[in-house]
Structures are given as structure tokens and as C-alpha cells.
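# An overview of the molecular structure
Now for the letters of each chain:
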Amino acid sequence: MTAKEYKDIIDAALSKYFVSSGLPYDGLLESMRYSLTAGGKRIRPMLVLEFCRISGGDINKALPVACAIEMLHTYSLIHDDLPCMDNDDLRRGRPTNHVVYGECTAVLAGDALQAEAFGTIARSELPAEARSKCVEILADAVGSDGMCAGQFLDMVGESKHLTEAELDEINSRKTGALLIAACRMGVAAAGGSDKLMDTAAVYGACVGAAFQIRDDILDVISTSEQLGKPVGSDMQEHKNTYMALLGEEKCMQMVEKLTESAKTALTGVFGDADFLCDLADSMVSRKN
């Protein structure tokens, strides 16, 4: 399966959710659907499906889990863009949710997407044990010591000079936790072993760190047209970034080293890791 084939499957599945049907709250569904179907790389759902596949599972049965993590990710983007957070007007090349639907509806759309993510897993056709494990992994990744904790640390760290270790602490939760969860949920959907689960977590952690550092680079060197969102916002919002702390050359060295570590982790554990190695490599030179 190629990345494009995975993306086509995921986009087709996501398009079936939250369709307006004459309900009095169709405005909420429209807002949820606006951001969920806005495109994007679909890296997290791809990781769910591919780790499920190479762990011996059925990707068709894991597809709701893949959709669920994209719902969760979309909720985080809607809330991240809000005026009280990053106050961004552009996301994935389109006006952000609150710009189109208003701040109150955007908050509710994010809230609903988060709840529906867990419901989508619970309603899937996976065995009960796999469903329970996926819900547990996702909850741990986004809760009070996961993604939300990372967002909080990022917020309180604004206008302060943070160390590299403090940046790692923020980004391992804010970005890394959900990418690790995607990898582990794929293994869980297949009923994979603890060894496979641990290896998936190492890969996800390395890819997540590389992804965030590359994001910091792109916020400085890219354009709004390429990135699909405002550039230079990190500096304007006084954000702590790896670019500000270490510079582009050091950041690129870190991205390359983390990418190699991600690929090495798979060696001898998963028999068919070509897709995941290629995906890790794509992080190094991505433009958006």
C-alpha cells in the first residue's frame, strides 16, 4: 500500500462522518466536517493502518480507529487555532474553524470531535479487548499528562527562555504523544505483542520528535502558500522553538539522527518495514 492509497482510503472513510441531514444542530456537524475533511497529510491514521498491517491485523477493521485518531487530531488543531491559544487565521490552506463558524461553535466542534473519537473506536468491529486497549492508549496520549499537558506547558513557557530539555518535555507531550499513540493503536488493533507495542512506541517517539523539529524549521524558512498556515507565527507569539534555540543546521542534524533511530528501531522486529522507513525519511525533506 502506498501513502496515496492509504490517504485515499482514509479520506473516503472520513467523508462519511458528520453529514448534515436536516437536524437542528446541523451547524455543529458542518463545523466538525469542515475541519475534518480539510485535507492534511493523514500521517496519524496511516500509522494506525500500517502498524496494524505489519502486526498481522485487518486494516479494514482498524479503519474506524484510524478515523478516530484523525478526529482527535482535528479537535486539537481547532482548539490550537483559537484566539485564546495561537490565534491563527489559516489552517491547511483554508480559514480556520473559528474564522468561518465563530469561536463558540469552533470550541463545541472540537469538544464533539474529541468525544466522537472515543465513540468511533468503541463502536468498531474490533474484538472488545482491542477496542478497550485502543481507547486506553488514546486517552493516555491526550489527557492531563499527554497532549493537553504539552499545550499547557507550551502556553506557560511563552516569553520565557526554555532549555532544550524543557522543549523536549513540551513537544514529547504536545506532538509526540499522539504519534506514539497512533503506532501503538495500530499494534493493539491487530492484537500484537508487547514487544511489537514497545517497538512501535520507539518509532513513534523518534518520528514525533523529528516531525516537531521540522515544523519549527518550516515556520521560519517556508511560505504560507507551501505550509497552508501562517509562517513566522512562532516568533510573533514568542514561542520557544528548536530553531530559536539551536539554529537550522543543528536542527536538521537532529531530524536526520532521529529519522535513522526510528528506522533502526524497526530492524529485526517487523519483517516488512519499507513503508514506515520511507515515511520517516519523508519527514526530513517535507515542505508542509
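Relevant structure appears above.
Residues numbered from 1 in each chain as written. Predicted model: local features only at pLDDT ≥ 70, side-chain atom pairs only at ≥ 80, totals over all residues. Heavy atoms only, no water.

## Let's talk about unusual backbone geometry
Despite not being glycine, R42 has its phi angle at roughly 60°, a positive value. Structurally, the position occupied by R42 is in the loop between helix 2 (26-36) and helix 3 (43-54). Using a relative accessible area of 3% as the deciding quantity, one classes R42 as buried. Even without being a glycine, R92 presents a positive backbone phi close to 55°. Following the sequence through the fold, R92 ends up in the loop between strand 1 (90-91) and strand 2 (94-95). Taking relative accessible area as the criterion, R92 reaches 21% and is therefore assigned partly exposed. (Helix = DSSP H or I, 4+ residues; strand = E, 2+ residues; numbered from the N terminus. Buried < 20%, exposed > 50% of the residue type's maximum accessible area, 1.4 Å probe, protein only.)

## Remarks on the pattern of salt bridges
If you walk through the whole model with that rule in mind, you get 15 salt bridges. Between R42 and E70 there is a salt bridge; the shortest N-O distance is 2.7 Å. Here R42, found in the loop between helix 2 and helix 3, pairs with E70, found in helix 4 (residues 59-80); they are 28 residues apart in sequence, far enough to count as distant. There is no split in this pair, since R42 and E70 are both buried. For R91, the salt bridge goes to D81, with nearest N and O atoms at 2.8 Å. One end of the pair, R91, is in strand 1; the other, D81, is in the loop between helix 4 and strand 1, and 10 residues separate them in sequence. In this pair, the class of R91 matches that of D81, namely buried. (Salt bridge = Lys/Arg side-chain N within 4 Å of Asp/Glu carboxyl O.)

## Section: the packing of helix 10 (residues 194-221) against helix 14 (residues 248-266)
At a minimum axis separation of 8 Å, helix 10 and helix 14 run at an interaxial angle of 160°. Taken together, the axis directions place helix 10 and helix 14 in an arrangement best described as roughly antiparallel. When the axes of helix 10 and helix 14 are compared, the crossing they make is left-handed. Between helix 10 and helix 14, the contacting residues are T199, V202, Y203, C206, V207, A209, A210, I213, R214, I217 and I221 on the first element and E248, C251, M252, M254, V255, L258, T259, S261, A262, A265 and L266 on the second. (Axes fitted to C-alpha atoms, helices over the stretch in contact; angles between N-to-C directions. Parallel < 35°, antiparallel > 145°, perpendicular 65-115°, else oblique. Left-handed = near helix turned anticlockwise from the far one by under 90°. Contact = heavy atoms within 4.5 Å.)

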